[in-house]
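So you can see what is in the structure, the chains are spelled out below.
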Amino acid sequence: MSLVLPSELVVERFLPTVRAMLATRLADRGMTQQEIAAELGVTQAAVSKYVSGDGGGDDRFRDDPETVATVDHIADGLAGGELDAYDALAELLSLVRSLEDRGPICELHEEAMPELRGLGCDLCVRGLDPDIRAERDVLANVRTAARTLASIPGMADSVPNVGTNVGMCLPEPRDETDIAAVPGRIYAMGGRIEIPANPEFGASKHVSTAILAANDADPSVRGAINVATDDDLLEAAAAMGIDPLEFDADYEDRGDHLRNRFADRGEVPRIAYHRGAFGIEPATYVFGATATDAAELIEAML
């Protein structure tokens, strides 16, 4: 693991780029290199390098519209006397905060620390608090569950035509935006499992409906995965001592129907399935305390 602070990237990549951009623009507005050096707090030799194009930097900032607009605004203000150093600093700090919120700085940070990819990291914006930790843990769990499915021999045969999804909710979920899943679902391609993207909150409607219904009945159940209904799979579950629950597919409000069936059962089963209906492909939901728990059950049955 490489531990890199966003502030390091600001100093090493953002600041040289912005200084070079400002030096060039201030020179274009008629300021001398000495005047520019005084404004930017650098040497005249550094300004000379910036103006000649040898100052380095990162094209992601040079091409970023928000960075360009801010630099132009600061250059106009400094050259015309409408802004002083304090105003320029305020503008740059505001820009940095914005670029740390899924902008170029965030992109560079994920490149420097690949461990952050797929976690929906927003530490720079929100800081570290229990809610962020919970979101990160759920995203990481769903990602692990999806990878577990991809590693199971024969899993491709259990992926329905509409695709499989892996979901897990935050504690006390309110709606599908509190449930992380894989955008676009997981599909079988040439006998392999294809995971199109990292998990996101609010990325699934169908698996979220099942999770919300299960969590309402039993708050300890927070994960679910949908697979194709298959008699061999159901028999494997029975051999493991699991009693699958069959429910009716042809319900307009599947969430309410599942809640009623769970209430009738007196518990949330590890497996609930239906045999399909007109225009509805047969589907089986595998539940668990977490998404990984559900994936491991599927692995054991297969």
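Above this note sits the structure.
A few points on the structure. Here the residue numbering is sequential within each chain, running from 1 through the sequence in written order. In view of the model being predicted, local features appear only for residues whose pLDDT reaches at least 70, and side-chain atom pairs are presented and counted only at 80 or more, with totals across whole chains, interfaces and linings using the full set of residues. As a convention, hydrogens and water are excluded, and side-chain values are obtained from all of the structure's heavy atoms.

Looking at the side chain of Thr292
- A run of H or I in DSSP counts as a helix once it spans at least four residues, and a run of E counts as a strand once it spans at least two, with each numbered from the N terminus. Along the chain, Thr292 turns up in helix α13 (residues 291-301).
- When residues no more than four places from it in sequence are discounted, the contact partners of Thr292 are Asn141, Thr144 and Ala145. Whether two residues are in contact is decided by their heavy atoms: any pair within 4.5 Å suffices.

Regarding the pattern of salt bridges
- Salt bridge criterion: a side-chain nitrogen from Lys or Arg within 4 Å of a carboxyl oxygen from Asp or Glu. Applying the stated criterion across every chain, the model contains 15 salt bridges.
- A salt bridge links Arg25 to Asp72, with the nearest nitrogen and oxygen atoms 2.5 Å apart. Of the two residues, Arg25 sits in helix α1 (residues 6-28) while Asp72 sits in helix α5 (residues 65-80), which places them 47 residues apart along the sequence.
- Classification of residues uses two cut-offs on accessible area relative to the type maximum, computed with a 1.4 Å probe and protein chains only: under 20% is buried, over 50% is exposed, and between them is partly exposed. For Arg25, a relative accessible area of 19% translates into the label buried.
- The salt bridge involving Arg259 is made with Asp256; its shortest N-O contact spans 3.6 Å. On the criterion of helical spacing, the pair formed by Arg259 and Asp256 is a turn pair, its members being three residues apart in helix α12 (residues 254-265).
- Judged by relative accessible area, Arg259 falls into the partly exposed class, the value being 28%.

Let's talk about the packing of aromatic side chains
- When two rings of Phe, Tyr or Trp (its six-membered ring) have centres within 6.5 Å they constitute a pair, described as stacked for plane angles under 30 degrees, edge-to-face for angles over 60, and tilted for the intermediate range. Under the defined criterion, the tally for this structure stands at four aromatic pairs.
- For the ring pair Phe14 and Phe61, a centre distance of 5.3 Å and an interplane angle of 80° mean the geometry is edge-to-face. Linking Phe14 in helix α1 with Phe61 in helix α4 (residues 59-62), this pair joins segments that are 47 residues apart in sequence. In this pair, the class of Phe14 matches that of Phe61, namely buried.

Re the pairing of strand β8 (residues 271-274)
- A two-sided burial pattern is seen for β8, the buried positions comprising Ile271 and Tyr273 on one face and Ala272 and His274 on the other.
- Here strand β7 (residues 245-246) runs beside β8; their pairing, made up of two bridges, is parallel. Paired with Leu245 across the bridge in β8 is Ala272.
- At least two bridges found by DSSP between two strands are what make those strands a pair. With four bridges connecting them, β8 and strand β9 (residues 283-288) associate as antiparallel partners. Along β9, the bridge assignment pairs His274 with Ala283.

Observations concerning the pairing of strand β6 (residues 223-228)
- The buried count for β6 comes to six of six residues, which makes it a mostly enclosed element.
- Of the pairings in the sheet, the one linking strand β1 (residues 166-169) to β6 comprises three bridges and is antiparallel in character. When the bridges of β6 are listed, Met168 appears paired with Gly223.

Focus on helix α10 (residues 206-217)
- Taking 1.5 Å per residue, 12 residues should reach 16 Å; α10 reaches 17 Å between its end C-alpha atoms and fits that length.
- Among the residues making up α10, those that are buried are Val207, Ser208, Ala210, Ile211, Leu212, Ala213, Ala214 and Asn215.
- Those residues of α10 that are buried lie in contact with β1, β2 (179-181), β6, α12 and β9. For a helix, the expected span equals 1.5 Å multiplied by the residue count minus one.

With respect to helix α6 (residues 85-99)
- With 15 residues, α6 should reach 21 Å at 1.5 Å per residue; the first-to-last C-alpha distance of 21 Å fits that figure.
- Among the residues making up α6, those that are buried are Ala88, Leu92, Leu95, Val96 and Leu99. For α6, the arc enclosing every buried residue in end-on projection is 100°, short of the 170-degree limit, so these residues lie on one face. Residues of α6 that are exposed and angled more than 90 degrees away from the buried face: Tyr86 and Arg97.
- Of the surrounding elements, those touching the buried residues of α6 are α1, α4, α5 and α7 (104-112).
- Any pair of N or O atoms that falls within 3.5 Å is considered a polar contact. Within protein, one atom must be able to donate a hydrogen and the other to accept it, and sequence-neighbouring residues count only if both atoms are side-chain atoms. The opening residue of α6 is Asp84, an N-cap whose side-chain oxygen sits 3.1 Å from the backbone nitrogen of Tyr86. Directions pointing from the helix axis toward each C-beta atom define the arc.

Here's the deal with the sheet that holds β1
- Taken in spatial order, the seven strands make up an open sheet running β5-β2-β1-β6-β9-β8-β7, and their pairing is mixed. Across the chains shown, the open sheet's two edge strands, defined by having one partner strand only, are β5 (200-201) and β7.
- Across six bridges, β6 lies against β9 in antiparallel orientation. Each residue of the ladder has a partner; that of Gly223, found in β9, is Gly288.

Some words on unusual backbone geometry
- Phi at Glu172 is positive, roughly 55°, even though this residue is not glycine.
- Tracing the chain through its elements places Glu172 in the loop between β1 and β2.
- Within the chain, Arg185 stands out as a residue other than glycine whose phi angle is a positive 65°.
- Residue position: Arg185 is located in the loop between β2 and β3 (187-189).

Function cannot be read off these values alone, since they describe shape.
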